[in-house]
Amino acid sequence: LPHSQRGGQKPIVLVGGGTTKVGDPSGKDASRQLLDEEAIASNIEGISRVFGRFLTFGEGPTDALLVNNDAWLSPLSYLAFLRDYGRHFTINRMLSFESVKQRLARESPLSFLEFNYMILQAYDFLELHRRHGATLQFGGSDQWGNIISGVELGRRADGAQLFGLTAPLVTTADGKKMGKTAAGAVWLNEDLLSPYEYWQFWRNTADADVGRFLRFFTELPQDEVEKLEALRGAQINDAKVVLANEATRMLHGEACLAEIQATAASLFAAGGGGGGGGGGTASLKRVKLSADEAAAGVPVVDLFVSLELGKSKSEVRRLVAGGGAKLNDVKIEDAALLISTASFEAASEIKLSAGKKKHGVVELAQ
């Protein structure tokens, strides 16, 4: 969308305030969790903030629009909708789409509620054309069937010539999909993933993916990308830092990079030492302990979970048993360890680490 806007086009960002009340059968084995109005509004606000960092919104001829399909979906009369548009869809055609076939092949539940999603998304394209003159819809390859349904509906209902453009879902060099589900999400909202964690995600890119990702996720000139991807051995890490810096700058802005780089330098230099003391930990996720909590002692496993360094206490205990849990870069030997006032004798904060790449800070409140 930013490229199309710079090329003189007018991007239209569609948020699914209406369709999110239904669910999407695009290859998922489980029905999408239905959200209440408050949660939907919160999600839309977060999505809008993110798009605002990449697009220019306003009233100009190429300024982007952000529209919510709830504006035309919620007022629909079911009987009138069936009469006017239901006749343009056949069950045979809908069953032919890959997203539906995959669900049926796995005998996964596909409710009538979700089955209507492609009809609603097709109607979205028709309404966007009617209201805003939209003629081209972008989407991931998993949305191909829904987009084509919209192209066909526009032709049948209004005689409109509409188009769809899809891109393959991004995979890593080993064939794994860069998913957006909770299990491996790379959140764009800083409330869900801190700028440092976002930077670190790109810094940890596999060597074989660096060139592709520089092309996909930065706006660097092609000749510069070619120079960076030609680096070999330890020098490829320089290209990863550029990737992380550029991707993070585009999303979170220039201001956060100095703090992120100070944190990274502290963690990566000289084997990642220097735990505690605060100097290079400003970008890390942190929790605070009150003086009373420190005096009583807090189980270290609880702090690992609070810092999201482990999903559960049992997972943290296994991490300790495997030698992957560290306090100020020193291996934690006992999962029953308590973090107390004595733990902060050298500094007002301590660093906890899960492996080499996940870190957090426990700060003693003053």
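Residues numbered from 1 in each chain as written. Predicted model: local features only at pLDDT ≥ 70, side-chain atom pairs only at ≥ 80, totals over all residues. Heavy atoms only, no water.

## Here's the deal with the overall build of the chain
Per the secondary structure count, the chain includes 17 helices and 11 strands. Across its three principal directions, the C-alpha atoms of the chain cover 75 × 50 × 40 Å. Of the contacts made within the chain by residues no fewer than 6 positions apart, 66% connect residues no fewer than 24 positions apart. Within the structure as shown, the chain displays about 19,500 Å² of accessible surface, and the carbon and sulfur contribution to it stands at 54%. (Helix = DSSP H or I, 4+ residues; strand = E, 2+ residues; numbered from the N terminus. Contact = heavy atoms within 4.5 Å. Areas by Shrake-Rupley, 256 points an atom, 1.4 Å probe, with all protein chains shown as cover.)

## Section: the packing of helix α11 (residues 210-217) against helix α13 (residues 236-252)
Two numbers describe how α11 lies on α13: the axes approach to 10 Å, and their chain directions differ by 20 degrees. Relative to α13, the element α11 lies roughly parallel. In this structure, α11 meets α13 at a crossing whose hand is left-handed. Residues V210, F213, L214 and F217 of α11 pack against I236, A239, K240, L243, A247 and M250 of α13. Taken together, the residues of the contact of α11 with α13 break down into nine nonpolar, no polar and one charged. (Axes fitted to C-alpha atoms, helices over the stretch in contact; angles between N-to-C directions. Parallel < 35°, antiparallel > 145°, perpendicular 65-115°, else oblique. Left-handed = near helix turned anticlockwise from the far one by under 90°. Nonpolar A, V, L, I, M, F, W, Y, C, P; charged D, E, K, R; others polar.)

## Re the confidence of the model for the chain
When pLDDT is averaged across the chain, the result is 85; 90% of the residues are at 70 or more. Of the regions scoring below 50 in pLDDT, residues 270-279 engages in 21 contacts with residues more than four places distant in sequence or in other chains. (pLDDT = per-residue confidence, 0-100.)

## Comments concerning the sheet that holds strand β7 (residues 325-327)
A sheet is described by the order of its strands in space; here five strands give the open sequence β5-β11-β10-β7-β8, paired in mixed fashion. Both outer strands of the open sheet, β5 (286-289) and β8 (330-331), are each paired with one neighbouring strand and no more. Both β7 and β8 contribute to a ladder of two bridges, which runs antiparallel. Paired with L327 across the bridge in β8 is V330. (Pairing = 2+ DSSP bridges.)

## Some thoughts on the nonpolar core
Among soluble globular proteins, nonpolar side chains are generally buried collectively. With 24 residues, the main nonpolar core has Y196, Y198, W199, W202 and L214 as its most contacted residues. Elements with a minimum of two residues in this core: α10 (195-203), α11, α12 (222-229), α13 and α14 (257-268). Among the elements that make up this core, the one with the highest residue count is α13 (six residues). Each residue touching W202, except ones within four places of it in the same chain, is listed here: M178, F213, F217, K240, L243, A244 and A247. (Core = buried A, V, L, I, M, F, W, Y, C linked by side-chain atoms within 4.5 Å. Buried < 20%, exposed > 50% of the residue type's maximum accessible area, 1.4 Å probe, protein only.)

## Some words on helix α6 (residues 98-105)
For α6, the complete set of buried residues consists of S99, V100 and R103. On an axial view of α6, the arc spanned by its buried residues comes to 95 degrees, and they lie on one face. Looking at the packing, one finds that the buried side of α6 touches α5 (91-95), α7 (112-115) and α8 (117-132). Just downstream of α6, E107 is the residue with a positive phi angle, here 55 degrees. (Arc of directions from axis to C-beta.)

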